[in-house]
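Survey of secondary and tertiary structure
Next come the chains, spelled out residue by residue.
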Amino acid sequence: MAKQEDDFKKVISHAKEYGYVFQSSEIYDGLSAVYDYGQNGAELKKNIREYWWTSMVQLNENIVGIDAAIFMHPTTWKASGHVDAFNDPLIDNKDSKKRYRADVLIEDYVAKIEAKIEKEVEKAAKRFGDSFEKEQFLTTNQRVMEYQEEATRILKRMGKSLANEDLADVKKLIEELEIACPMSGSKNWTDVKQFNLMFGTKLGASAENTTDLYLRPETAQGIFVNFSNVQKSGRMKIPFGIAQTGKAFRNEIVARQFIFRMREFEQMEMQFFIQPGTQKEWYEIWKQKRLKWHLSLGLGTENYRFHDHDKLAHYADAAADIEFRFPFGFKELEGIHSRTDFDLANHEKYSGKKLQYFDPEKNENYVPYVVETSIGLDRMFLAVFSHALQEEELDNGTVRTVLRLPSVLAPTKAAVLPLVKKDGLPELAQEIVEDLKWDFMVTYDEKDAVGRRYRRQDANGTPFCITVDHQSLEDHTVTLRHRDSMQQQRISINDVKGIIHKEVDMKSWLKQMV
Ligand code: GAP
């Protein structure tokens, strides 16, 4: 646990030191769970967004993208169920006066049981070596099976109590499990209460004429209310999808873990409109498609897993998370939700407008069903960034800090470094920058010894360094240094662009999804 916390602290401080993420309004001591992206963070975020958008919109003929407003008519949130049901169960500790999400306290308890299972697996893998069969071990080892049963039993009970709004039982469960306040160790809890997560705001100039609005807690509703506009103007045929990226706001009770849980964050969502009755099939298809997208970035198959929901959101008939192994354990990265016709049918009811589709094949009108894919851009950022940050012991005994970002996402693709600041080397290096900048984000760096500059670019996540030396003036060659292998190649300046292109080209990365 201490190592995990230590690793995570390193992630946060590295993100700040290298211009990726800053606390919002830091000079005023910050604003809890609100963050700003710096010069490198903004680029990384943009690249992740583009990687998602290209895979969803550009590569799917039947998916189009929109950009709906953050402000929406207040009835939207009544129809969507958010006014009545977008609540978190909260509980206060009477001694520490700290407030927690009751479900998170229980889930953290279960995560500790899961950590015990992982430990048993690791121990057994060491003991049995190559002959170790994980699946068999999980299903036959008595202790592991007991842990598993306990975890399942707790989550089932919590899911049932929350679904039935039985908050007294949620409290009882916390007491039975003897869960203590992580701050004070006290088990002196209040009752569990529901707390709505939407932020309210006002529209209008004078006090008498204002309308109460909400800041959208999900981007999805901007898609639902535009269903007919897009379907008709784009002559879309079912099955088809509408995608968008944009800000969402939630007054999170437990806002912690850096950019994992924020009060203002960005979502990348896609609603896929389908024939009623086909939702199971499409739900499975989108689960697999989205997993492939993640895997295409090469962060390691072992770092992802599906988690099927016991506790379903108010709109879903099936839901699963793609979980990622963050520095603090496996947690939700993306949700795949079968939303039935809940949203469109409710918007029909509340707006009085028809939100139906005439299916020429079936020769009938119906309200389409929806399968949604929903991923937090900031959370994806954290997954990529935290996985990339590594400390490596080198052959000479020194340690290098390297940010092994997938090169397709790296903010800066190459740094051009004149070996010395004289003899015409800076001028040639600048010429190379001038040429490359039309294709990639590149930077010029002439300060400090070249070894230190390499380390700086490693820590910054830059996949390539191009070093210009005296030989470059004679034969028009440079040294190309690769961030991950640290290997250096002597190549013609004319070949630089092609080599970088091959490595960072989005097409070749995305093709791994197919
Ligand atoms: N439209 C469905 C929806 O919003 P969700 O599971 O509440 O579903 C989807 O959110 C994704 O948005 C999550 O998987 C997560 O990546 C991201 N997300 C949700 N709340 C967040 C928060 N407070 N901070 C950062 N990301 C968040």
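The text that follows walks through the structure, step by step, so that each part is easy to find. Keep in mind that what you see is a predicted model, and the values were worked out from it rather than measured.

So, about the packing of aromatic side chains. One pass over the full model with this rule turns up 24 aromatic pairs. A ring pair is formed by Phe227 and Phe240, whose centres lie 6.0 Å apart and whose planes are at 15°; its orientation type is stacked. With a gap of 13 residues between them, Phe227 in helix H10 (residues 227-233) and Phe240 in strand S9 (residues 240-249) connect regions that are remote in the sequence. Judged on exposure class, the residue Phe227 and its partner Phe240 are both buried. Note on Phe227 and Phe273: the rings are 4.8 Å apart at their centroids and 45° apart in plane angle, and the pair reads as tilted. In this pair, Phe227 is assigned in helix H10 and Phe273 in strand S10 (residues 264-274), connecting sequence segments 46 residues apart. There is no split in this pair, since Phe227 and Phe273 are both buried. Members of the aromatic cluster, connected to one another through ring pairs, are Phe8, Tyr35, Phe258, Phe260, Tyr304, Phe324, Phe326 and Phe328. If you follow Lys287 out to its NZ or CZ, it ends over the ring of Phe306, 4.9 Å from the centre. In this structure, Arg379 packs its charged tip against the face of Phe260, placed 3.7 Å from the ring centre.

The next subject is the environment of Arg256. Within the secondary structure, Arg256 is located in the loop between S9 and S10. Owing to a relative accessible area of 35%, Arg256 belongs among the partly exposed residues under this scheme. In the structure, Arg256 is positioned 223 residues away from Ala33 in sequence and 6.6 Å away in space, judged by C-alpha atoms. Beyond its immediate sequence surroundings of up to four residues, Arg256 is in contact with Val104, Asp108 and Arg261.

Next up on the list: the site of the ligand. The environment of the ligand is made up of 22 residues, and the closest members are Glu218, Arg250, Met262, Glu269 and Glu332. With respect to the ligand, the backbone of Leu333 contributes an N or O atom lying 2.9 Å from an oxygen atom. Contacts to the ligand include Glu372, whose side-chain N or O atom sits 2.8 Å from a nitrogen atom. Within the complex, the protein chains bury 93% of what would otherwise be the 550 Å² of accessible surface of the ligand.

What counts, and at which threshold
Each chain carries its own residue numbering, running from 1 in the direction its sequence is written. Reporting of local features is limited, given that this is a predicted model, to residues whose pLDDT is at least 70; pairs of side-chain atoms are given and counted only at 80 or more, and all residues count toward the totals for whole chains, interfaces and linings. Here the side-chain values reflect all heavy atoms present in the structure, with hydrogen atoms and water set aside. Here the aromatic set is Phe, Tyr and Trp, taking the six-membered ring for Trp, and pairing holds for ring centres within 6.5 Å; pairs whose planes are under 30 degrees apart are stacked, those over 60 apart are edge-to-face, and all others are tilted. Segments assigned H or I by DSSP are reported as helices when at least four residues long, segments assigned E as strands when at least two residues long, and all are numbered from the N terminus. Accessibility here uses a 1.4 Å probe with only protein chains present; expressed as a share of the type maximum, an area under 20% marks a residue as buried, one over 50% as exposed, and anything in between as partly exposed. Definition used: whenever NZ (Lys) or CZ (Arg) falls within 6 Å of the ring centre and also within 35 degrees of the ring normal, the charge is taken to sit over that ring. Throughout, a contact is declared for two residues whenever any of their heavy atoms are within 4.5 Å. For this purpose, a residue is taken to be near a molecule or strand whenever a single non-hydrogen atom of the residue falls within 4 Å of it. N or O atoms within 3.5 Å of each other form a polar contact, as long as, within protein, one can give a hydrogen and the other can take it, and as long as residues adjacent in sequence are counted only when both atoms are side-chain atoms. A 1.4 Å probe and the Shrake-Rupley method give the accessible areas. Residues count as covered only by the protein chains that appear here.

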